[in-house]
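Chain by chain, the residues:
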Amino acid sequence: PARLGPNDIHLTAYTPDGLPLEVQNMNAQFVQPGIGAIDVPLRQLTPGHYYAPNFVIPRKGTWDLVVRTNVDAFTQVVQEQSVKIR
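(A) Representation of the nonpolar core. Judged by nonpolar contacts, the single largest core of 18 residues is most densely connected at Leu11, Phe30, Val40 and Leu42. Mapped onto this core, the elements with two or more residues apiece are strand 1 (5–12), strand 2 (25–32), strand 5 (49–57), strand 6 (61–70) and strand 7 (76–85). Broken down by element, the residue count for this core peaks at four residues, all from strand 5.

Here is the structure:
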């Protein structure tokens with residue numbers, strides 16, 4: 001719900017055509033100045049779909065969600081998105 005406290009985090013990799021993409025692994029962190037980086041303990045549900053149940057976001061405000069995805073042995077994709085926590 002993007003609220004302070006427990007949140008279920010779902011991250012899914014897709015091809016440019018919108019099809020699910022099987023990846024080697026995925027890591028995520030929430031980053032905020034003054035707090036630093038908080039690792040999101042992701043577990044794989046299905047190929048390309050990762051999940052962190054009840055992940056606690058400790059402070060309101062705007063966080064950067066940084067996701068690193070290893071598509072194969074030679075390719076890592078890094079995406080960053082600002083997330084406002086109420």
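(B) Examining the sheet that holds strand 6 more closely. The strand order 3-2-6-7 describes an open sheet built from four strands, whose pairing is antiparallel. Taken across any chain shown, the strands that pair with only one partner, and hence form the sheet edges, are strand 3 (36–40) and strand 7. Neighbour to neighbour, the strand axes of the sheet diverge by 25° on average, direction disregarded. Taken together, the five bridges between strand 2 and strand 3 define a ladder with antiparallel strand orientation. Paired with Ala28 across the two strands is Val40, which belongs to strand 3.

(C) The arrangement of the sheet that holds strand 1 in detail. The sheet built from three strands is open, its strands ordered 1-5-4 with antiparallel pairing. One side of each edge strand has no neighbouring strand; the edge strands of this open sheet are strand 1 and strand 4 (43–46). Averaged over all neighbouring strand pairs, the angle between strand axes comes to 30°, with direction disregarded. One ladder, built from three bridges, connects strand 4 with strand 5; its direction is antiparallel. Looking at strand 5, one finds that Gln44 is bridged to Tyr50.

Parameters at a glance
- Residues numbered from 1 in each chain as written.
- Predicted model: local features only at pLDDT ≥ 70, side-chain atom pairs only at ≥ 80, totals over all residues.
- Heavy atoms only, no water.
- Core = buried A, V, L, I, M, F, W, Y, C linked by side-chain atoms within 4.5 Å.
- Buried < 20%, exposed > 50% of the residue type's maximum accessible area, 1.4 Å probe, protein only.
- Helix = DSSP H or I, 4+ residues; strand = E, 2+ residues; numbered from the N terminus.
- Pairing = 2+ DSSP bridges.
- Axes fitted to C-alpha atoms, helices over the stretch in contact; angles between N-to-C directions.

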